[in-house]
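Residue strings, one per chain:
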Amino acid sequence: MPVRIPSVDENGALTGASRRWVEGLLTKGVQVRGVIPSATNVDTMRGPNWAGEWDMPLAPAVNTLTGTAPPVGWLPGQFKVMGWAGGTTNLASQLYMPYTTGKGMWYRTIHAHTQTGATAWSPWVNLADVTDTLIGATPNALLIQDFTRRRGPVSTNGKGAVALRFDHGLANFRDKILPLLRARGLKASLALNSRSWGLAENGGVTAAEVDGWVAEGVVEIWNHGAHHSDAVTRAELEDTIVTGLAELRAQLPSAQIDGWVVPGVGGTNYNGFNGGGNTGVFTSTEAGRLILAHHAVATGAIPGTAHRALDGTVRQGMSHYTLDAVTGTAAQYQINLAATNVTGLQLLLHPSAVDQPDKVTTAKLTEILDHIVAKRNAGELVVLSPYQLMLAETSTGEKDIVSARDYGVKGDDYVTDDTVALQAAADAARASGKRLVVPGGMKVRITQPVNMRYIDVQFDGALRVDQTTGYGVLVGDKATARAGREISFRSVLHKDATAQAGVPCVRVQGLMAGVVTMGRCDYLQLFASTNTEPTTGDALAYSTFLFNGGSVRHLELLADGPQSWVNENKFFGGDFRKITLRGDYTLNNNTWFGPSLEGASTVIDIQVGARNKFLYARSEYGPTVKFGASTWHNLLLDSWNSSPQNRSSAFVVAEDLGTENIVSGFTDQYLRPYTLASVNAQTAGFDTATPFTGAPLRPGLLKPAVNTSFQAVMDTGILPTRLGGASLERLEFASDAALWRPKVYFYDANMVPVSVTGKGFIDTDGGWTVSTDGMFYQFGSSQSTRNILLKQGAPAYMRVELGASGSTAGKVFEHLTLTGWVKAPRKPTLVDVWREALRKPLTGTRPSQGWGKVGTTVREGAVVHTVTQAGATYLSATSVSGATDITIAAAIPVGAVVGVLLSTGFTHWTTTTTAGGAVTLTAALPADAVAGAPVVWNVWS
């Protein structure tokens, strides 16, 4: 059974007697408790006193633990204790994760009225199996829905139905059966093994030959496993069921393979699956779960199901009637029974059995097929393919649907303007209460909005929206109706994405408890209003949105007033480039499960709203998440946020103007942005017309142009790489111009420069070179955005110089920002980690720092120093090469660290031997020291 873990509210608040002490995977922190004490009875580890994350001890201490152990026994690993308590309802749970490969993740729970007295713990459950159970349920439901949309509806017009299935044996199928099918206009299925093409029974028939039969329309393909042998272990089952399916799809590109046909194998028969003899084995066995996880439909051997109910409901495990050794009379009786009782009958034949001793002959098979055709031609039954039989219902198509084709919709590769015809079909569906169906294969073009509200829509064709105002199609219902509308679109595109950026392809307006299935869509808008039809308002809530592998360029959730609900919706899957949300009724509680949010161009913009969640998102390559000022308690939780080779550019960019919004990675750490230095066109004294020339620029641009090959324009000053529990994880340089070549210097705790050569504490996204003196890293080329990742072991302090490489003539500089990304352990509060860390005092000594320019502002972490003393702005004409005396803008003591920018772009570091404002240096300034160069000084206290 699936495991249900108790949940907590978004704040994890402790209120009165209802004490919450659960590990909140989404919003709360886990207390690290250390190693489980020796001789502990693990069964007693429940309640607040044990809550948190423990380390399972190493041998031999682990062998002293008592209590109920999982089947793997106790091995070193992590052990988490969680729970919930309130009144007389007390729950506890344990999660055990051995470090040993292949041992799984184990979970159990208990209902305890007190900490000392309790009911028994539930058995340990391997969450790998639980995951499979879920995979065998929810994703299979999505596969069924897609299967139904593509292949349905199928109506028998009140008649019984027969379907033909043939399992492998391709030589006889090609030579003896295929000609019979073609001559009678019959379609059948082939169940094939992906690795059995060379068997004698297949007689040299190739995959390309079978693919031709599929393209011809005479056969459909079902997965029969990679081989026709038993499989026992999990690896063997995955290989034959899952890998076999992938291989078969690659071998037969013309086939849409949606179904599984159980092979008749001996031994343990798929480790207890036993041919699918009852519905339970599809969820209770590994084989059943794998089958449902990857197939919309599956055959089986449930007794009494060779004849099926024709009600349009997909059922797994239905059996068949075998023709291998049957007499013609017996087969005809079953066919007549299907016609008389109006049931669906699947007939199975192994082609390799034809004309074998005591098996059906070609003549008998011909007689059976002729009987089916006679019944069909007499109007007593219909002949379907096995896929169609899974969806067949006796009700007539005329009773249930309106086909767009019947109202003149051409769908001729976007040539005809189908606006009028499509609107006529929608009006007819609304008037009759039927579902509107646009058949697959049609490519429909519209030039004006089409109103499809108050009906179910099944748009299996493709739609192109050509208008540049309004919207494409309008769907939905009255918000108060809870009509549960079912709406699906396979593909809805703009003619011109640039010209039509503001035109929703599909607008969903007024929908409660509905289901919307969307494939590819350029712009999907979910709209809630207080003043459009109906006049009572159009909420959009409690609905499910399924994105079946579709790419959505823009998903917009838009409410136009404080009583407009875009709330409590669930979104599954999907590849998004932009999601915007304005939820004026602010407690939205919309949830996305497993969205793909990849790429720096992807933006999630929550302007107004609260408690929206993006769970298990793939957010690689730097997407941006924006939280507006009127947002709180929104969450993005990664399941995947970087590849090892791309770590320096992989993190989510979070812009949070709201309150307690969270962006959290699967690494169990926060990554928060912090602007270290920034200049733009509004910076005081900043000249966009003639940048980097003339007098030194004031606040933000701290250095003059000292030579033409590397113009140093910004210096961050000394920055700590670690503050309390936080550490600087990544630096990101961003500008509108591709001119920047940063230099990054490192210093130890005593402000002594550290050589970076061979240290290995920096990863970059390419293009960096080590200077010959080994004192700093510098970009090897100019780009507008660059990144550096600081690895474990980076020195305590750093300084970043940023300069322009190459000519700046004709360049109009608009902005330049240096952002530090902070990495810190997960905490129980939602306060900004960087600011929280800065409030904690540093241990040991810390620098006091200034610059030799009046009015210059320098940032040291969150502490800002402004130099106000009169003094030298830069090196005087007398304090240049060879000098040992220098004037500083403030009195400093003996031993202070002094840095002077050289004309080469390097910084020369030395110390003082006398105190005061005019001091003596321990070493003379080198020849590259020139008048006008700024001076850095640091005093330790």
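No experiment lies behind these values; they were computed from the predicted model shown.

Rules used in this analysis
Residues numbered from 1 in each chain as written. Predicted model: local features only at pLDDT ≥ 70, side-chain atom pairs only at ≥ 80, totals over all residues. Heavy atoms only, no water. Helix = DSSP H or I, 4+ residues; strand = E, 2+ residues; numbered from the N terminus. Buried < 20%, exposed > 50% of the residue type's maximum accessible area, 1.4 Å probe, protein only. Areas by Shrake-Rupley, 256 points an atom, 1.4 Å probe, with all protein chains shown as cover. Core = buried A, V, L, I, M, F, W, Y, C linked by side-chain atoms within 4.5 Å. Contact = heavy atoms within 4.5 Å. Axes fitted to C-alpha atoms, helices over the stretch in contact; angles between N-to-C directions. Parallel < 35°, antiparallel > 145°, perpendicular 65-115°, else oblique. Left-handed = near helix turned anticlockwise from the far one by under 90°. Pairing = 2+ DSSP bridges. Right-handed = clockwise from strand over helix to strand, strands pointing away. Disulfide = S-S within 2.5 Å. Nonpolar A, V, L, I, M, F, W, Y, C, P; charged D, E, K, R; others polar. pLDDT = per-residue confidence, 0-100. Expected span 1.5 Å × (residues − 1). Lys, Arg positive; Asp, Glu negative; His and termini not counted. Salt bridge = Lys/Arg side-chain N within 4 Å of Asp/Glu carboxyl O. Polar contact = N/O pair within 3.5 Å; in protein donor to acceptor, adjacent residues only side chain to side chain. Phe/Tyr/Trp six-rings, centres within 6.5 Å; stacked < 30°, edge-to-face > 60°. Lys NZ or Arg CZ within 6 Å of the ring centre and 35° of its normal.

## Let's talk about the overall build of the protein
Line of reasoning, step 1. Within the protein one finds 14 helices and 59 strands.
Line of reasoning, step 2. Expressed as a percentage of the 941 residues in the protein, the buried residues total 53%.
Line of reasoning, step 3. In the structure as shown, the protein presents an accessible area of about 37,200 Å², 53% of it carried by carbon and sulfur atoms.

## Some thoughts on the nonpolar core
Line of reasoning, step 1. With 65 residues, the main nonpolar core has Leu181, Leu190, Val210, Trp213 and Ile221 as its most contacted residues.
Line of reasoning, step 2. Sorting elements by how many residues they give to this core places helix H3 (residues 170-184) first, with 6 residues.
Line of reasoning, step 3. With near-sequence residues (within four places) excluded, Val210 lies in contact with Leu170, Leu190, Leu192, Trp197, Val205, Ile221 and Leu252.
Line of reasoning, step 4. Counting residues in each nonpolar core, the second largest holds 61 residues, with Leu436, Val457, Val465 and Ala654 among its members.

## Considering the packing of H3 against helix H10 (residues 362-377)
Line of reasoning, step 1. Between H3 and H10, the least distance of the axes is 11 Å, while the angle of their chain directions is 20 degrees. Relative to H10, the element H3 is oriented roughly parallel. Two packed elements cross with a definite hand, and for H3 against H10 that hand is right-handed. Every residue of H10 that contacts H3 at Lys176, Ile177, Leu180, Leu181 and Arg184 is listed here: Thr362, Leu365, Thr366, Leu369, Asp370, Val373 and Arg376.

## Topic: helix H8 (residues 286-294)
Line of reasoning, step 1. Burial analysis of H8 places 7 of its 9 residues in the buried class, which makes it a mostly covered element.
Line of reasoning, step 2. Among the residues making up H8, those that are buried are Ala287, Gly288, Arg289, Leu290, Ile291, Leu292 and Ala293.

## Notes on the pairing of strand S10 (residues 219-223)
Line of reasoning, step 1. Counting buried positions over the 5 residues of S10 gives 5, a clear majority of the element.
Line of reasoning, step 2. Of the two faces of S10, the one lined by Val219, Ile221 and Asn223 and the one lined by Glu220 and Trp222 are each fully buried.
Line of reasoning, step 3. Inspection of the sheet shows strand S9 (residues 188-192) paired to S10 by 5 bridges, in the parallel sense. When the bridges of S10 are listed, Ala191 appears paired with Trp222.
Line of reasoning, step 4. Handedness of the crossover joining S9 and S10 through helix H4 (residues 207-216): right-handed.

## Some remarks on the state of the cysteines
Line of reasoning, step 1. Counting across every chain of the model gives 0 disulfides.
Line of reasoning, step 2. Free of any disulfide, Cys505 has its nearest cysteine sulfur in Cys521, 4.8 Å distant.

## Quick word on the packing of H3 against H4
Line of reasoning, step 1. Taken N-terminus to C-terminus, the directions of H3 and H4 make an angle of 20 degrees; their axes are 13 Å apart at the nearest point. The angle between H3 and H4 places the two elements in the roughly parallel class. For H3 against H4, the interelement crossing comes out left-handed. The segment H3 lies against H4, with Leu170, Phe173, Arg174, Leu178 and Arg182 engaging Glu209, Val210, Trp213 and Glu216.
Line of reasoning, step 2. Of the residues in the contact of H3 with H4, the class split is 5 nonpolar, no polar and 4 charged.

## A short note on the confidence of the model for the protein
Line of reasoning, step 1. When pLDDT is averaged across the protein, the result is 74; 67% of the residues are at 70 or more.
Line of reasoning, step 2. Strand S52 (residues 847-851) is the least confidently modelled element of the protein, averaging 33 in pLDDT, while strand S21 (residues 450-451) averages 95, the highest of any element.
Line of reasoning, step 3. Within the model, the stretch residues 684-710 combines pLDDT values under 50 with 64 contacts to residues more than four positions away or in other chains.
Line of reasoning, step 4. Scored below 50 in pLDDT, residues 809-813 shows 13 contacts in the model against residues more than four places distant or in partner chains.

## Describing the sheet that holds strand S26 (residues 511-512)
Line of reasoning, step 1. As summarised here, the arrangement of the 3 strands in space is S26-S28-S30, forming an open sheet in which the pairing is parallel. At either end of the open sheet lies a strand with only one pairing partner, and these are S26 and strand S30 (566-567).
Line of reasoning, step 2. For S26 and strand S28 (residues 540-541), the ladder comprises 2 bridges, and the chain directions are parallel. The residue of S28 that forms the bridge with Leu511 is Leu540.

## Focus: unusual backbone geometry
Line of reasoning, step 1. Note the cis peptide between Ala59 and Pro60, where omega equals 0 degrees.
Line of reasoning, step 2. By the element assignment, Pro60 lies in the loop between strand S2 (52-56) and strand S3 (77-86).
Line of reasoning, step 3. Phi is positive for Ala39, which is not a glycine, with a value near 65 degrees.
Line of reasoning, step 4. Note that Ala39 resides in the loop between strand S1 (32-35) and S2.
Line of reasoning, step 5. Here Ala39 falls in the exposed class, since its relative accessible area comes to 54%.
Line of reasoning, step 6. Not every positive phi belongs to a glycine, and Asn271 is a case in point at roughly 55 degrees.
Line of reasoning, step 7. Along the chain, Asn271 turns up in helix H6 (residues 269-272).

## Re H10
Line of reasoning, step 1. Between its first and last C-alpha, H10 extends 22 Å over 16 residues, near the 22 Å set by a 1.5 Å rise per residue.
Line of reasoning, step 2. Residues of H10 that are buried: Leu365, Thr366, Ile368, Leu369, His371, Ile372, Val373 and Lys375.
Line of reasoning, step 3. Looking at the residues trailing H10, positive phi occurs at Gly379, about 75 degrees.

## Observations regarding the environment of Arg611
Line of reasoning, step 1. For Arg611, the position within the fold is in the loop between strand S34 (603-610) and strand S35 (613-618).
Line of reasoning, step 2. C-alpha of Arg611 to C-alpha of Thr591: the two residues are 20 residues apart in sequence and 8.6 Å apart in space.

## A word on the pairing of S34
Looking along a regular strand, one sees the side chains alternate between the two faces of the sheet.
Line of reasoning, step 1. A large share of S34 lies buried, amounting to 6 of its 8 residues.
Line of reasoning, step 2. Strand direction decides the pairing type here: strand S32 (residues 578-587) and S34, joined by 6 bridges, are parallel. Looking at the pairing, Leu587 lines up with Ala610 of S34.
Line of reasoning, step 3. In this sheet, strand S36 (residues 624-632) lies alongside S34 in parallel orientation, the contact comprising 7 bridges. By the bridge assignment, Asp605 is partnered in S36 with Lys626.

## Re the side chain of Arg507
Line of reasoning, step 1. Structurally, Arg507 is set in strand S25 (residues 506-509).
Line of reasoning, step 2. Despite its burial, Arg507 pairs with no opposite charge; the closest candidate is Glu556, at 7.0 Å N-O.
Line of reasoning, step 3. The contact partners of Arg507, leaving out residues within four places of it in the chain, are Tyr471, Val473, Leu474, Val475, Gln525 and Phe527.

## Some remarks on the pattern of salt bridges
Side chains carrying opposite charge are able to pair once their charged atoms draw close together.
Line of reasoning, step 1. Scanning all chains against the criterion turns up 25 salt bridges.
Line of reasoning, step 2. For Asp175, the salt bridge is made with Arg174, and the minimal N-O distance between the two is 2.9 Å.
Line of reasoning, step 3. Here the salt bridges share partners, and the residues they tie into one network are Arg195, Asp239 and Glu247.

## Thoughts on the environment of Gly67
Line of reasoning, step 1. Within the secondary structure, Gly67 is located in the loop between S2 and S3.
Line of reasoning, step 2. Taking the relative accessible area as the measure of exposure, Gly67 reaches 35% and is therefore partly exposed.
Line of reasoning, step 3. In sequence terms Gly67 and Ala39 are 28 residues apart; their C-alpha atoms lie 9.8 Å from each other.
Line of reasoning, step 4. If near-sequence neighbours (up to four positions away) are discounted, Gly67 is found in contact with Asn41, Val42, Asp43 and Trp74.

## Remarks on the side chain of Asp460
Line of reasoning, step 1. Along the chain, the position of Asp460 falls in strand S22 (residues 457-465).
Line of reasoning, step 2. Only 2.9 Å separates the side chain of Asp460 from the side chain of Gln458, close enough to count as a polar contact.
Line of reasoning, step 3. Those residues in contact with Asp460 that sit more than four places away from it in its chain are Arg149, Gly152, Val438, Pro439, Gly440, Gly441 and Arg490.

## Thoughts on the packing of aromatic side chains
Line of reasoning, step 1. Across all of its chains, the model carries 19 aromatic pairs by this definition.
Line of reasoning, step 2. Taken together, a centroid distance of 5.3 Å and an interplanar angle of 45 degrees make the contact between Trp50 and Trp54 tilted.
Line of reasoning, step 3. In this structure Trp50 comes out as partly exposed when scored by relative accessible area, which is 21%.
Line of reasoning, step 4. Aromatic side chains Trp74 and Phe79 sit 6.0 Å apart centroid to centroid with 70 degrees between the ring planes, which places their arrangement in the edge-to-face category. Each member of the pair, Trp74 as well as Phe79, carries the same accessibility label: buried.
Line of reasoning, step 5. Put simply, the rings of Phe545, Phe547, Phe571, Phe576, Trp592 and Phe614 pair up and form one aromatic cluster.
Line of reasoning, step 6. Its end group placed over the ring of Trp121, Arg108 keeps NZ or CZ at 4.3 Å from the ring centre.
Line of reasoning, step 7. Above the plane of the ring of Phe527 lies Arg507, whose end atom (NZ or CZ) is 4.8 Å from the centre.

## Let's talk about the environment of Gly34
Line of reasoning, step 1. As for its position among the elements, Gly34 is in strand S1.
Line of reasoning, step 2. We classify Gly34 as partly exposed; its relative accessible area is 24%.
Line of reasoning, step 3. Once the C-alpha coordinates of Gly34 and Gly52 are considered, the two residues, 18 residues apart in sequence, prove to be 9.3 Å apart.
Line of reasoning, step 4. Ignoring anything within four residues of it in the chain, the contact list for Gly34 reads Glu53, Trp54 and Asp55.

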